[in-house]
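Below are the chains, spelled out letter by letter.
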Amino acid sequence: MNTKEIFNTLKNYPTKMKIIFYLLPLLVLLSCSQNQKADNLSIEVISINLDKKENKEMSEFIEKIELVPLHTDTNSIISTYKKIDYCDELDMFIILDKELVVSLFSGDGQFIANSKNVIGEGPNEYRTAVDVIYNPFSRAIEILNPYGTIYRYNTSFQFIEKISLEQNSKIFSRFVSISNNEYILTPVMSGYKDATIVFCNYNKKKIIKSISYEEDCISSITMNYNPFFTSNNNLIFSPLCLNYSFYQVDRVNQDISPIIKLDFGDNTIQKESLVEKFGNSSQENENREDIERNLKTLNDINSFLLKSSASIPIIKFFNEQYIYT
């Protein structure tokens, strides 16, 4: 990405999140770390020495900072948001708030429309939402419900269609389109076994393939809300969990491959020691007790990490020059 594209990527994040991205690269700039190739030559290992720091001028990696006030009136008031995204193709902000309302604002902050009138029990309405995207293939605003049903609307929130999966028992949290009716969905993590991405074909109404990255998943802790971004037209997956790897998505063969791994040396959090201390949350969720046991294990691990002095890269993405954590 050039600096303009970096800015467009950063516009996806609210001001408080921007501060995290802007300041940490000044303190720990990964470009000065040692690079090495892992045994698998397709994976680049970035070795990071947290004691080695180099101050950089913000202008070296940020073209500009732009604050966009969003127009506010009785029709456009939003509650605390769950997700805010910027669609470059439409020059539009897409916001999903805690009330599950999707609001659209132009790139200069003018209110366009929201989904308040299509929340409900009607045939063209959605009741709950976990994610929202603009799908460049269907050219629609698409809203995902927890069980994989997708509602399509135009930018005025006029209903287009509803597409769904058959015989699905998974609960999902995020999605991205890879064609008009093909998607990648990420399950809600209730245990290590949920460290997967799921390729779905909505023409066939079924899950085609599920790919696990359980081996690399350390804990469910995260501050990121969008696990997918593009770099050089490649779709990159950065899991919604503590995971030191970035993965490239193979849309054709429906697979993922690790391409970058962060190595914090002695500051790397070891999954094995956490499992030894708190137990393994990889048991199958065959009943309520299994689910509660796995969730307790994950919560115990997260609480332990948050109270520790460990350096935890819980938001991360990259471009051609830098990795931002």
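Details of the structure are given in the entry above.
Cut-offs used in this document
Residues numbered from 1 in each chain as written. Predicted model: local features only at pLDDT ≥ 70, side-chain atom pairs only at ≥ 80, totals over all residues. Heavy atoms only, no water. Salt bridge = Lys/Arg side-chain N within 4 Å of Asp/Glu carboxyl O. Buried < 20%, exposed > 50% of the residue type's maximum accessible area, 1.4 Å probe, protein only. Helix = DSSP H or I, 4+ residues; strand = E, 2+ residues; numbered from the N terminus. Pairing = 2+ DSSP bridges. Axes fitted to C-alpha atoms, helices over the stretch in contact; angles between N-to-C directions. Expected span 1.5 Å × (residues − 1). Arc of directions from axis to C-beta. Contact = heavy atoms within 4.5 Å. Left-handed = near helix turned anticlockwise from the far one by under 90°. Nonpolar A, V, L, I, M, F, W, Y, C, P; charged D, E, K, R; others polar. Core = buried A, V, L, I, M, F, W, Y, C linked by side-chain atoms within 4.5 Å.

Trainee: Please give an account of the pattern of salt bridges that cites residues and values.
Mentor: One pass over the structure, following the stated rule, counts 11 salt bridges. A salt bridge links E121 to R127, with the nearest nitrogen and oxygen atoms 3.7 Å apart. For the pair E121 and R127, a shared accessibility class is recorded, and that class is exposed. Overlapping salt bridges, with partners in common, bring together E54, K56 and E60 in one network.

Trainee: Explain the pairing of strand β13 (residues 196-201) to me, and be specific about the residues and the numbers.
Mentor: Extensive coverage of β13 is indicated by the burial of 6 of its 6 residues. Both strand β12 (residues 182-187) and β13 contribute to a ladder of 4 bridges, which runs antiparallel. Looking across to β13, one finds that E182 is bridged to N201. Hairpin connection between β13 and strand β14 (residues 206-212): a loop of 4 residues separates the two successive antiparallel strands, and K205 in this loop has a positive phi of roughly 60°.

Trainee: Kindly report on the sheet that holds strand β4 (residues 92-97), identifying the contributing residues and their values.
Mentor: Taking strand neighbours across the sheet as the criterion, the 4 strands line up as β3-β4-β5-β6 in an open arrangement whose pairing is antiparallel. Two strands lie at the open edges of the sheet, namely β3 (81-87) and β6 (111-114), each paired on one side alone. Neighbour to neighbour, the strand axes of the sheet diverge by 15° on average, direction disregarded. Across 6 bridges, β3 lies against β4 in antiparallel orientation. By the bridge assignment, K83 is partnered in β4 with L96.

Trainee: Describe helix α4 (residues 288-307), and please don't skip the residues or the numbers.
Mentor: Between its first and last C-alpha atoms α4 spans 28 Å; for 20 residues at 1.5 Å apiece the expected length is 28 Å, and the two agree. Among the residues of α4, those classed as buried are D290, N294, T297, L298, I301, N302 and L305. The arc enclosing the buried residues of α4, seen along the axis, measures out at 130°, which places them on a common side. In α4, those exposed residues whose orientation departs by more than 90 degrees from the buried face are R288, E289, K296, L306 and K307. Residues of α4 that are buried sit in contact with α3 (271-278).

Trainee: Please give an account of the packing of α3 against α4 that cites residues and values.
Mentor: Running from N to C, α3 and α4 cross one another at 120°; their axes reach a closest spacing of 10 Å. When you trace α3 past α4, the crossing you get is right-handed. Where α3 approaches α4, its residues L274, K277 and F278 are matched on the opposing element by T297, D300, I301, F304 and L305. Tallied by class, residues from the contact of α3 with α4 come to 5 nonpolar, 1 polar and 2 charged.

Trainee: Can you explain the nonpolar core? Please cite residues and give values.
Mentor: Residues I184, Y213, F246 and L262 are the most contacted members of the largest nonpolar core, which totals 46 residues. Looking at this core, the elements that each hand over two or more residues are β13, β15 (228-231), β16 (234-237), β17 (245-250), β18 (255-263), α4, β19 (317-318) and β20 (323-324). No other element matches β18, which puts 4 residues into this core. When residues no more than four places from it in sequence are discounted, the contact partners of I184 are R174, F175, V176, I178, I197, V198, F199, F228, L235 and V249. M92, Y126, I143 and Y153 belong to the second-largest nonpolar core, a separate cluster that totals 17 residues.

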